[in-house]
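Each chain, written out:
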2 protein chains.
Amino acid sequence: MILREIFAKNVRLARKHKGLSQEDLAFESGLDRTYISCLERCVYSPSLDAVEKLAAAFELEPYWLLMTPAEQEQSEMAEEDPA
Amino acid sequence: MILREIFAKNVRLARKHKGLSQEDLAFESGLDRTYISCLERCVYSPSLDAVEKLAAAFELEPYWLLMTPAEQEQSEMAEEDPA
DNA sequence: TTGTGACTCCAAGTCCGTG
DNA sequence: ACACGGACTTGGAGTCACA
C-alpha cells in the first residue's frame, strides 16, 4: 500500500474516532475543509507541514499517521501500562 | 522540535549509516541531488511521496523517519530480540 | 456533511552551474 | 562530497461555488 493511502485512511479513522466532521478538523488544524477532503481521497501527497498540523489537531504523534494498522498495534504494545 | 528537522536529521543519519553520499542517495531514491541537500538543511518540507522514496532507498519504514531518537529506541525495543 | 471542478499562488522538485 | 545560487516546471496549498 502506498504511503499516501495509509495516511489518508489514518486521517479519516482518527477524525471519526474523535467524532469530528471535515469542517471541524479543518478548523482545529488550520487547513481548508476541501483540502482535508482531498487528502482523505488521496488526491494529494501532503507535505510534512500538513502532516504535522493534522497530527497536532488529533493530539497524536505525526509518525503514527504513517503506520499501517499492524504497526500501530505493535507500537501500542510498547507503551507504558499504568494499571 | 519541528517535524521537518526531525526528518532532516534522520535522513542524514540514515544516509551516513549506509555510507552513501547525497549523490548516491539521489540515485537510489530517484530524487534530485540538490533537493536532498535542501531536505537535510531543512529548506523544504517534503511531500509524503518524497518521504516514501527516501525510506525505500534506506530500506526503512517511512514512519521511522518521523520519529525522534527516543521514539526510535522505544520502537526498537518492541522488535524481536534474536539474542 | 462531503465530493468535485475550476481557479489562483507559491513551495516542492529538477537541472544547470560555482566555490 | 557538499553548500549554495539562479531559472525553470510540476503539483501541493488554499479558496469558492455547487451538486
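Residues numbered from 1 in each chain as written. Chains lettered and ligands numbered in written order. Predicted model: local features only at pLDDT ≥ 70, side-chain atom pairs only at ≥ 80, totals over all residues. Heavy atoms only, no water.

### Let's talk about the protein's contact with DNA strand D
What counts here: We define proximity as follows: a residue is near a molecule or strand when any one of its heavy atoms falls within 4 Å of that partner. Under this definition, polar contacts are N or O atom pairs within 3.5 Å; protein pairs additionally need one hydrogen-donor-capable and one acceptor-capable atom, and for neighbouring residues in sequence, both atoms have to be side-chain atoms. Each residue gets one of three labels, nonpolar for Ala, Val, Leu, Ile, Met, Phe, Trp, Tyr, Cys and Pro, charged for Asp, Glu, Lys and Arg, and polar for the others, Gly among them.
If you check the shell around DNA strand D, you find 19 residues, and the closest are Thr34 and Tyr35 of chain A together with Arg12, Arg15 and Gln22 of chain B. Put simply, 69% of the atoms of DNA strand D that lie within 4 Å of the protein are in sugar or phosphate. Within the side chain of Asp32 of chain A, an N or O atom sits 3.4 Å from a phosphate oxygen of DNA strand D. For DNA strand D, a phosphate oxygen lies 2.6 Å from a polar atom in the backbone of Gln22 of chain B. A breakdown of the residues in the surface near DNA strand D according to their chemical character gives four nonpolar, seven polar and eight charged.

### Observations concerning the UniProt feature "domain: HTH cro/C1-type" (unreviewed entry) in chain A
Where we set the bar: UniProt positions are given in the numbering used here, feature names are shortened, and annotations may be inferred rather than shown by experiment. By definition, any uninterrupted DSSP run of H or I lasting at least four residues is a helix, any uninterrupted run of E lasting at least two residues is a strand, and each is numbered from the N terminus.
UniProt annotation of "domain: HTH cro/C1-type" (unreviewed entry) refers to residues 11–65 of chain A when read in the numbering used here. Secondary structure content for residues 11–65 of chain A is 62% helix and 0% strand, and the end C-alpha separation is 7 Å.

### Things to note about unusual backbone geometry
A positive phi is found at Cys42 of chain A, a non-glycine position, where the angle reads about 65°. Within the secondary structure layout, Cys42 of chain A lies in the loop between α3 (33–40) and α4 (48–58). The phi angle at Glu59 of chain B is positive, at roughly 60°, despite the residue not being glycine. Along the chain, Glu59 of chain B falls in the loop between α4 (48–58) and α5 (69–77).

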